[in-house]
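Report on the structure
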Protein chains: 2
Amino acid sequence: MGRIYNFSAGPATLPVEVLEQARDEMLDWNGRGSSVMEVSHRSKAFIKVAEQAESDLRELMAVPDDYAVLFLQGGATQQFALIPMNLSTPEQGVDYLVTGQWSKKATAEARTLRRVHIVADGASLNFADVPSRSSWDLSPDAAYVHYCPNETIGGLEFHDVPDVGAVPLVADMSSTILSRPVDVRKFGLIYAGAQKNIGPAGLVVMIVRRDLLERVQTTVPNILRFASHAKEGSMLNTPPTFSWYVAGLVFAWLKRQGGLGRIGEVNKRKAEKLYRAIDESGYYRNPVAPAYRSWMNVPFTLPDAGLDAAFLAEAAEAGLAELKGHRSVGGMRASIYNAMPEAGVDSLISFMADFARRHG
Amino acid sequence: MGRIYNFSAGPATLPVEVLEQARDEMLDWNGRGSSVMEVSHRSKAFIKVAEQAESDLRELMAVPDDYAVLFLQGGATQQFALIPMNLSTPEQGVDYLVTGQWSKKATAEARTLRRVHIVADGASLNFADVPSRSSWDLSPDAAYVHYCPNETIGGLEFHDVPDVGAVPLVADMSSTILSRPVDVRKFGLIYAGAQKNIGPAGLVVMIVRRDLLERVQTTVPNILRFASHAKEGSMLNTPPTFSWYVAGLVFAWLKRQGGLGRIGEVNKRKAEKLYRAIDESGYYRNPVAPAYRSWMNVPFTLPDAGLDAAFLAEAAEAGLAELKGHRSVGGMRASIYNAMPEAGVDSLISFMADFARRHG
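Right, let's walk through the structure included here. (Residues numbered from 1 in each chain as written. Chains lettered and ligands numbered in written order. Predicted model: local features only at pLDDT ≥ 70, side-chain atom pairs only at ≥ 80, totals over all residues. Heavy atoms only, no water.)

Before going further, it helps to spend a moment on the interface of chain A and chain B. When the parts of a complex come together, some accessible area is lost, and that lost area is often taken as the interface size. Each partner contributes residues to the interface: chain A has 58 residues there, and chain B has 58 residues. Among the residues of chain A in contact with chain B, Leu27, Met37 and Glu38 of chain A are the three that bury the most area, contributing 14% of the side total. There are 4 salt bridges connecting chain A and chain B. Among the salt bridges present, the one from Arg3 of chain B reaches Glu38 of chain A, with a minimum N-O distance of 2.7 Å. Connecting chain A to chain B are 25 residue pairs in polar contact (both at pLDDT 80 or more). Elements represented by at least two residues in the side of chain A that touches chain B include exactly α1 (16-24), α3 (75-87) and α7 (241-256) of chain A. (Contact = heavy atoms within 4.5 Å. Buried area = accessible area lost by both parts, 1.4 Å probe. Salt bridge = Lys/Arg side-chain N within 4 Å of Asp/Glu carboxyl O. Polar contact = N/O pair within 3.5 Å; in protein donor to acceptor, adjacent residues only side chain to side chain. Helix = DSSP H or I, 4+ residues; strand = E, 2+ residues; numbered from the N terminus.)

Another aspect to go through is the relation of the copies chain A and chain B. Taken as rigid bodies, chain A and chain B are interconverted by a rotation of 180° and an axial shift of 0.0 Å, the fit giving an RMSD of 0.0 Å. Given the turn and translation reported, the copies of this chain are related as if by a two-fold rotation axis. Every residue of chain A has its C-alpha some distance from the rotation axis, and the shortest such distance is that of Arg23 of chain A, at 2.4 Å. When the interface residues of chain A are mapped onto chain B, 100% of them are again interface residues, pointing to one common binding face. (Least-squares fit on C-alpha atoms with pLDDT ≥ 70 in both.)

Moving on to the packing of α1 of chain A against α7 of chain A. All names here are of chain A. Contact pair α1 / α7: the axes reach a minimum separation of 9 Å and the direction vectors enclose 135°. Classified by the angle their axes make, α1 and α7 are oblique. Between α1 and α7 the crossing geometry is right-handed. Contacts between α1 and α7 involve Glu17, Val18, Gln21 and Ala22 from the first element and Phe242, Tyr245, Val246, Leu249, Val250, Trp253 and Arg256 from the second. (Axes fitted to C-alpha atoms, helices over the stretch in contact; angles between N-to-C directions. Parallel < 35°, antiparallel > 145°, perpendicular 65-115°, else oblique. Left-handed = near helix turned anticlockwise from the far one by under 90°.)

Helices that pack against each other are described as a pair by the angle of their axes relative to one another and the distance between those axes. All names here are of chain B. Interhelical geometry of helix α3 (residues 75-87) versus helix α4 (residues 101-111) gives an angle of 45° and a closest axis separation of 9 Å. As far as their axial angle goes, α4 and α3 are oblique. As for the relative orientation of α3 and α4, their crossing is right-handed in sense. Across the interface between the two elements, Thr77, Phe80, Ala81 and Pro84 of α3 pack against Trp102, Lys105, Ala106, Glu109 and Ala110 of α4. Residues that form the contact of α3 with α4 fall into these classes: 6 nonpolar, 1 polar and 2 charged. (Nonpolar A, V, L, I, M, F, W, Y, C, P; charged D, E, K, R; others polar.)

If you want it as structure tokens, here you go:
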């Protein structure tokens, strides 16, 4: 069949041009008579791919030189454990801000390793809003403050970077990285699973201020140390080469789109028109406080959950796929990452209006 | 250009049919209008892929039901740290057999975590032979014995499974898994990075006796526990879905080849003819004791290292690529995994004879 609009929260849709290039090069990459999957990560040809990807990412995000860029494995979830192991000692306290399911999971994992202090917890607000900043209880001596700028499940996003003073700020940007410009200098460490805005699942991108790499203790095994990966240019062991290559194709695609300033404008417009359609429908509902509504993940409910199955079936018929909400939340969720064309959002809005008319 | 014969040690060549299918399905997999890379790992469609891959692997290797099969990340190198963390307590000793660069690396990483006892060390034999088994010093109370059945760099392989008594045997099978039948019952845990005989880099396959999963202590973070991955069917977090899918295509291809009995015969024949050509040439030389010569990785030297560059250049001209030996060993290395057709080995042998004639 033809390509559909795929609203999956992740692994998520990729730019068609990227998939086409990966397809065309699958058996004969760079005129080498083999796939990029089949060449040594230490070959000159692959190292060129790896370095170009890093350099394009640095350009896109304006990453300062005193930050290392790492290409790692294990998903963002593995970093939930490795971040406390790398950035703090067992004696130090660490600060966590809880604003949804992902920051909650990160907090739970950190607790197996460290004394965790909760800065604020949005659970009592049903994670539809962030506790007011005046109520946040930041520890001046914390090793770092961890938060999740975009909660993929709840659809809650920070539209600014919170001020946490001199303590290094650590951000799980899995579902917001590359969706708009950010000031990397405001962060100690940024990490992101690739499977939303970067490429295939199984790759993690990390941007970390180099001085923080020196904190790791010798009791941490070498392969789990960010410093060791940084020292070896993310080739301490065989990296996920195909995913790194696809990530590079995505970075090149983003540059062709005009970079993060331009893509941020498109993302803002896509999100605003979808929220407007929801709010003005008198039919659909999004529960998130307007100041924290995500540009990337837009959950919404129908007036009657009994209509969900019909909505999903008719949407699929119309070429609009993967709209089912997360199992912990229910309802619908439209994930509209960079690779979702504005036309896909327009189609969804038309379909939603039509469905409401017919079932209202 | 046309496909070449690619002797890379890893990431290594894949079956052409597998690459063709991945290419053909890149934009529209299963008639879904999206790539397999773009669908949720929790979707029915992907779970079917994941389960089929596991079931085919179980069939190929005759994995007993009391063994879990896991699809993990981080490479075999990450398991060098996670195995001691999961299979032993800080108080227990662990046994390591050192027969080459990879078992040496595994040993070094285990030392950061546990009291390591060396069963035997082939360093004094230049890793070209294994110390005689009567000299092995096994600890009856070790938590496990670790070894590497095939040393990719030295080209040294065990052609039987060593008897270590009742202590669980742990094997890094990265470069030998699926190359012949093995009796899984003789092992406590088998693990392998995918990038040689399974699929793209970034995936690890692990086969572990279920009772061993219960050893892990609560001080180990959840994401680093094999037991947690087993409990969630390797979907504790987003797995490397595309690599898992390609691995499944490789398993299906292996079944079409007639399974491991048949592929083992072919591998034995490929290796024997290449070693015979080396030994009988009076020109090339392989340093490994005949009883331990690897079926998968065949290092060889020319009479004069000054000829290496000419050999590599002329081989590449003849469509025989990636023959350069590992940087730590020098000379040449032909990795002839499952996906290297016998015709590729035949071509290499002809080329080698011709080169020796012209430069001898």
